[in-house]
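Single-letter residue listing:
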Amino acid sequence: MKTKFSKILLSSILILSLLAFVGCTRVEEETEANLREDSTNKNQVVNLYTDRHYDTDEQLLNQFSEETGIEVNVIKGKSDELIERLTREGEDTQADLLITADAGRLHRAKESGLLLSTSSEVLFNNVPENLRDKDNEWFGLTIRGRVIVYSKDRVHPSELSTYEDLTNPKWGGKILVRSSSNIYNQSLLASFIAINGEKKAKEWAEGVVDNMARDPQGNDRAQATAVVAGEGDIAIMNTYYIGKMLNSSNPEEVNVAKKVGIFFPDQDGAGTHINVSGIGLTKYAKNKENAIKLMEFLSSEKAQKQFAEANYEFPVNPKIEPSDLLKSWGEFKPQNINLSKLGEFNSISVKIFNEVGWK
Ligand code: FE
């Protein structure tokens, strides 16, 4: 009985070893086949997850493919969903690159271990240091300001000055702004924490809550609409939404955009709050070289103007001028802090918003 069992055991081990050996060989063969495929198809593909959905982007990516022979596969989605998807996919992800809006969000992707540091002289030359991650895990591609938008009928720009002035009782019941759950407001407050410290930032948030025309609701565009509807006189919102509304196919949006003015706050102080849309190489990128080439291309002089204009934003590459529409809003002095700080102070900013009751 014992012997029979041993014989069965021995043959089982032999069969298993044989299977394991065959298995190994097959895996090796597959790997080799993949490598061969890679070397024949070398530099052929790059896979991009992006929250942008513009025809201009498609044209630019086609241009990149024509110049380099690298095919670009695009998966579009909402920013937070793309980050969730990357997290879920882990090592198995097909994504080589992530494009998303807001340094706070890019920092979140970095903190979740989704991005990889990129060392590229081209990127270092094209993207100013304050507009990229300090560990080079993401690079800004376009700039937006978070500004004061005012009713041209009821407010004269001479009445406006700083972000801090928004806490002045003269604006009681007149300020419109979206919820604090939105990353744009979190990054705005994070910039004040970076510049003025936590205490002053909290006083600012408290003062704005006191002056709100209504409980926060709707997106940035909805604030401009509410200004024109007379619910309040001024709104805090991102510059590019005015560009989008002016060029909207909806005549009501065009009308709203024409009735509001854009004011860049803090021009005698720390400057207007800016943020970026940016790009990062994913941690598990399978086509790193191609991905870096695409990052470099998008930061280049020839791509920057088109890429920024598609969303009515300012180029990060200082050699490129903004569009005529953006120039018509006037030049402005931006905050001069490293945008990594917006991510670093994000959790304190969320804590402050909760404490002061900014819904
Ligand atoms: Fe936006």
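As shown above, the structure is provided for reference.
All residue numbers refer to position in the chain's written sequence, counted from 1. With the structure being a predicted model, the display of local features is reserved for residues of pLDDT at least 70 and the display and counting of side-chain atom pairs for 80 or more, all residues being used for whole-chain, interface and lining totals. The side-chain numbers reported here are obtained from all heavy atoms of the structure, hydrogens and water having been left aside.

1. A closer look at the overall build of the protein
Point 1. A run of H or I in DSSP becomes a helix once it reaches four residues, and a run of E becomes a strand once it reaches two; helices and strands are each numbered from the N terminus. Across its full length, the protein carries 15 helices and 10 strands.
Point 2. Here the protein holds 359 residues, and 49% of them are scored as buried.
Point 3. Surface accessibility in these figures is a Shrake-Rupley result with a 1.4 Å probe; residues are shielded only by whichever protein chains are displayed. Carbon and sulfur atoms make up 50% of the accessible area of the protein, which amounts to about 17500 Å² in all. Each residue is placed in one exposure class: buried if its accessible area under a 1.4 Å probe, protein chains only, is under 20% of its type's maximum, exposed if it is over 50%, and partly exposed if it falls in between.

2. Some details on the layout of surface pockets
Point 1. Each cavity reported here is a set of points on a 1 Å grid over the protein atoms alone in which a 1.4 Å probe fits but cannot get out, each pocket an open set with protein on both sides within 12 Å along at least five of seven lines, and each lining residue one with an atom within 4 Å of a point. Grid points are joined across faces, edges and corners, and a volume is the space filled by probe spheres set on the points. Taken as a whole, the largest pocket encloses approximately 640 Å³ of empty space.
Point 2. Surrounding the largest pocket, 26 residues form its lining, D51, S79, R105, Y184 and Y241 being those nearest its centre.
Point 3. Only helix 3 (79–89), helix 4 (103–111), helix 6 (183–196) and helix 9 (239–246) provide two or more residues apiece to the lining of the largest pocket.
Point 4. Counted by class, the lining of the largest pocket contains six nonpolar, nine polar and 11 charged residues.
Point 5. Of the volumes computed, that of the second largest pocket is approximately 470 Å³.
Point 6. What lines the second largest pocket is a set of 21 residues, and nearest its centre among them are I143, F314, P315, P322 and F332.
Point 7. At the level of elements, strand 10 (314–315) and helix 13 (324–328) are the ones that each hand at least two residues to the lining of the second largest pocket. For this classification, Asp, Glu, Lys and Arg are treated as charged, while Ala, Val, Leu, Ile, Met, Phe, Trp, Tyr, Cys and Pro are nonpolar and the rest, including Gly, are polar.

3. Digging into the environment of Y184
Point 1. Mapping Y184 onto the fold places it in helix 6.
Point 2. Sequence spacing of Y184 and N275 is 91 residues, and the spatial spacing of their C-alpha atoms is 8.4 Å.
Point 3. The contact rule is simple, with two residues in contact once any of their heavy atoms fall within 4.5 Å. The contacts of Y184, once residues within four sequence positions are left out, are D102, R144, R146, R178, D220, N238, Y240 and Y241.
Point 4. N or O atoms closer than or at 3.5 Å make up a polar contact, with two conditions inside protein: a donor-capable atom paired with an acceptor-capable one, and, for residues adjacent in sequence, both atoms drawn from side chains. Reaching out from Y184, the side chain makes a polar contact with the side chain of Y240 at a distance of 2.8 Å.

4. Digging into the nonpolar core
Point 1. Counting 68 residues, the largest nonpolar core has V46, L97, L131, V276, I279, L294 and L298 as the members making the most contacts within it.
Point 2. The residue makeup of this core includes at least three contributed by each of domain 1 (45–143 + 275–320) and domain 2 (144–273 + 339–356).
Point 3. L131 has contacts with W138, F139, G140, I143, I274, V276, V316 and L339, leaving out every residue within four places of it along the chain.
Point 4. Throughout, nonpolar core names a set of buried Ala, Val, Leu, Ile, Met, Phe, Trp, Tyr and Cys residues whose side chains join them through atoms within 4.5 Å. Counting residues in each nonpolar core, the second largest holds 25 residues, with L166, I193, A201 and M212 among its members. Segment limits for the domains were obtained from an automatic or database-derived domain assignment.

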